[in-house]
Amino acid sequence: MPGFELFGEQEQKQVKDVLDSGVLMRYGFDGMRNGHWKAKELEYALAERMQSKHVHLVSSGTAALTVALASAGVGAGDEVILPTFTFVASFESVLALGAVPILVDVDDTLTLDPSAVAKAITPNTKVIMPVHMCGSMADLQKLQELCDQHGLLLLEDACQAIGGSYKDKPLGSIGDLGCFSFDYVKTITCGEGGAMITNNGTYYGNAHKYADHGHDHIGNDRGAEAHPFLGYNYRISELHAAVGLAQLARLDEFLGIQKRHYTIIREALEDVPGIQFRTVPAGGEENYSFLNFFLPMEEQAREAHQKLGNEGVDGCFYWFDNNWHYYRKWEHFTHKKSLGKLPKDVLEALPDYTQADFSASDHWVGRNISCLIKLGWSEEDVRNRARAMANVLGGIV
Ligand SMILES: *Cc1c(COP(=O)(O)O)cnc(C)c1O
């Protein structure tokens, strides 16, 4: 998955454009910038690639989620439904706004289970936030139906799934709002960065203002701009956007390599009885950044993880025991360990997750192994890896 593996001249050329003028900021300094507007250019390019009307770049994927929620008016006391299997950024972005993260079970897609989502909806629910973990998506049609029925927003966290699609639409472009991350380990990277996309002009207008201290971006004198509402600073720099431009131009090349490598490994594992692949909803295509599969039992998954590592098959994850991606190890969240006091709305409405029953999630995540697909492997590397994996797994199940 990581774009940092294939990094070179194109990225350097883009960054040099910015360094030559010295204008590192995305706004203003028109006369000095030699016509270079890297953030704007990347926003146009991403809008076209994602078939979305509007894109706003920000400083991280976490910032993208926060800005996306804020742009749609999510605030104190609003409930946002998100999965037990995700990255901590999901609940962080919700808490940053004084809103309440409501954790919900995942199913064999490793993303939100629509029937569990339906049960979690209350009069305070405002957003359903599926997270397209490890390159594949939730059942977006069912989630969209729930949103339509209850008047909720659909926000896709596509930070790990850029380039995947659902019913021929790019992931991230299907909901009311979609978010991407370009941090260092994502499919394309710019060091640190993110983007939110939407077809809604009001949300977009709110987002670019909110992400820049409330600046309305009217006219060409920043000091004279108005501030229609409170904002914050989630800006991206021109240097980061420049790297992102070079990487976005290579996205389809990266996806092609991932698909080739994924397919070789998957075909080798299809012959191992007892291995069940993750379900991809009908009409969905992964971005092939990970190959995900289940073993019949939790102990076997632990053993597989251990033995794959011992055999030199690196980059396979057992998320069930991971500190950052699964609710079981989020004791800072479940025990509300904040530096300062949390807002009253959050303290009153946050369920007691130390007592929660997410056995349905445990059933899937506890038996899952996720293997990172790298770009830099040779075909021989991939075939050797596929053989080693089939051997290890065949000896366990
Ligand atoms: C990486 C990631 C984020 C956050 O992105 P950053 O750019 O690291 O802040 C959010 N959600 C998911 C699912 C991610 O994998």
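Quick look at the structure, then. (Residues numbered from 1 in each chain as written. Predicted model: local features only at pLDDT ≥ 70, side-chain atom pairs only at ≥ 80, totals over all residues. Heavy atoms only, no water.)

## Here we look at the overall build of the chain
Then, in step 1: Along the chain, the regular secondary structure elements total 14 helices and 14 strands.
Then, in step 2: Computed over C-alpha atoms, the radius of gyration of the chain comes to 21 Å, within 12% of the 21 Å expected from 2.2 N^0.38 for 397 residues, which places it in the range of a compact globule.
Then, in step 3: Its C-alpha atoms give the chain principal-axis dimensions of about 70 × 55 × 40 Å.
Then, in step 4: Residue burial in the chain is summarised as follows: out of 397 residues, 56% are buried.
Then, in step 5: Taking as baseline every contact in the chain between residues at least 6 positions apart, the subset at least 24 positions apart corresponds to 69%.
Then, in step 6: For the chain, the accessible surface area stands at approximately 16,600 Å², while carbon and sulfur atoms represent 50% of it.
Then, in step 7: One way to put it: in the chain the 35 positive side-chain charges average out to a point 2 Å from where the 52 negative ones average out. (Helix = DSSP H or I, 4+ residues; strand = E, 2+ residues; numbered from the N terminus. Rg over C-alpha atoms; globule rule 2.2 N^0.38 Å. Buried < 20%, exposed > 50% of the residue type's maximum accessible area, 1.4 Å probe, protein only. Contact = heavy atoms within 4.5 Å. Areas by Shrake-Rupley, 256 points an atom, 1.4 Å probe, with all protein chains shown as cover. Lys, Arg positive; Asp, Glu negative; His and termini not counted. Charge placed at Lys NZ, Arg CZ, Asp CG, Glu CD.)

## Looking at the sheet that holds strand β6 (residues 165-166)
The strands making up a sheet associate through backbone hydrogen bonding, with each pair oriented either parallel or antiparallel.
Then, in step 1: Spatially, the three strands line up as an open sheet ordered β7-β6-β11, and their pairing is antiparallel. The sheet is open, and its two edges are formed by β7 (169-170) and β11 (284-285), each paired on a single side. (Pairing = 2+ DSSP bridges.)

## A few points about the pairing of strand β14 (residues 368-372)
Then, in step 1: Of all five residues that make up β14, five are buried, and the element is covered over most of its length.
Then, in step 2: The two faces of β14 match: Asn368, Ser370 and Leu372 on one face and Ile369 and Cys371 on the other face are all buried.
Then, in step 3: Relative to β14, strand β13 (residues 316-317) runs antiparallel, the two sharing two bridges. Of the residues in β14, the one forming a bridge with Cys316 is Cys371.

## As for the pattern of salt bridges
Then, in step 1: Counted by the stated rule, this structure contains 21 salt bridges.
Then, in step 2: Linking Glu285 and Lys259 is a salt bridge whose minimum nitrogen-to-oxygen distance equals 3.3 Å. Note that Glu285 is positioned in strand β11 and Lys259 in helix α9 (residues 251-270), a separation of 26 residues in sequence.
Then, in step 3: Overall, Glu285 belongs to the partly exposed group, its relative accessible area being 32%.
Then, in step 4: Since its relative accessible area comes to 38%, Lys259 is described here as partly exposed.
Then, in step 5: Through salt bridges that share partners, Glu298, Arg302, Asp321 and Arg328 make up one connected network. (Salt bridge = Lys/Arg side-chain N within 4 Å of Asp/Glu carboxyl O.)

## Re the packing of helix α10 (residues 298-310) against helix α14 (residues 379-394)
Then, in step 1: Running from N to C, α10 and α14 point in directions that differ by 140°, and their axes come no closer than 10 Å. The pairing of α10 with α14 is recorded here as oblique in orientation. Between α10 and α14 lies a crossing whose hand is right-handed. Contacts from Ala304, Lys307 and Leu308 of α10 reach α14 at Met389, Val392 and Leu393. (Axes fitted to C-alpha atoms, helices over the stretch in contact; angles between N-to-C directions. Parallel < 35°, antiparallel > 145°, perpendicular 65-115°, else oblique. Left-handed = near helix turned anticlockwise from the far one by under 90°.)

## Observations concerning the state of the cysteines
In a disulfide, the sulfur atoms of two cysteines are held together by a covalent bond.
Then, in step 1: Using the criterion set out here, one finds one disulfide in the structure.
Then, in step 2: Residue pairing for Cys316: its cysteine sulfur links by disulfide to Cys371, the two sulfurs lying 2.3 Å apart. Every disulfide takes its handedness from the sign of the S-S torsion; for Cys316 and Cys371 that torsion is 110°, giving right-handed. Here the residue Cys316 occupies a position in strand β13, and Cys371 occupies one in strand β14, the gap between them amounting to 55 residues. Summarising the burial analysis for this pair, Cys316 and Cys371 share the class buried.
Then, in step 3: Here Cys159 stays unpaired: no disulfide links it, and the sulfur of Cys179, its closest cysteine neighbor, is 6.2 Å away. (Disulfide = S-S within 2.5 Å.)

## A few points about the side chain of Asn287
Then, in step 1: Assignment of secondary structure puts Asn287 in the loop between β11 and β12 (290-294).
Then, in step 2: Of note is the side chain of Asn287, whose polar atom sits 2.9 Å from the backbone oxygen of Ile162.
Then, in step 3: If we ignore the near neighbours within four places in the chain, the residues touching Asn287 are Gly135, Gln160, Ala161, Ile162, Gly163, Gly164, Thr187, Leu255 and Gln258. (Polar contact = N/O pair within 3.5 Å; in protein donor to acceptor, adjacent residues only side chain to side chain.)

## Quick word on helix α2 (residues 38-49)
Then, in step 1: The end-to-end C-alpha distance of α2 is 16 Å, a good match for the 16 Å that twelve residues give at a rise of 1.5 Å each.
Then, in step 2: Restricting attention to buried positions, one finds in α2 the residues Lys38, Ala39, Leu42, Glu43, Leu46 and Ala47. Looking down the long axis of α2, one finds its buried residues gathered within 165° of arc, a one-sided arrangement. With respect to the buried face of α2, the exposed residues turned more than 90 degrees away are Tyr44 and Glu48.
Then, in step 3: Looking at the packing, one finds that the buried side of α2 touches α1 (9-21), β1 (54-58), β9 (194-198) and α8 (238-248).
Then, in step 4: Count one or two residues on from α2 and you reach Gln51, which has phi positive near 50°. (Expected span 1.5 Å × (residues − 1). Arc of directions from axis to C-beta.)

## Observations regarding the sheet that holds β12
Then, in step 1: Reading across the sheet, the four strands line up as β10-β12-β14-β13 and stay open at both edges, with antiparallel pairing between neighbours. Only two strands of the sheet have a single partner each, and these edge strands are β10 (276-277) and β13.
Then, in step 2: Sheet topology note: the β10/β12 ladder contains two bridges and is antiparallel. For Phe277, the partnering residue across the bridge sits in β12 and is Phe293.

## What about the site of the ligand?
Then, in step 1: Taken together, 14 residues lie near the ligand, and Gly61, Thr62, Ser181, Asp183 and Lys186 sit nearest.
Then, in step 2: Measuring from an oxygen atom of the ligand, one finds a backbone N or O atom of Gly61 at 2.7 Å.
Then, in step 3: Burial of the ligand by the protein chains amounts to 94% of its free accessible area of 380 Å². (Near = heavy atom within 4 Å.)

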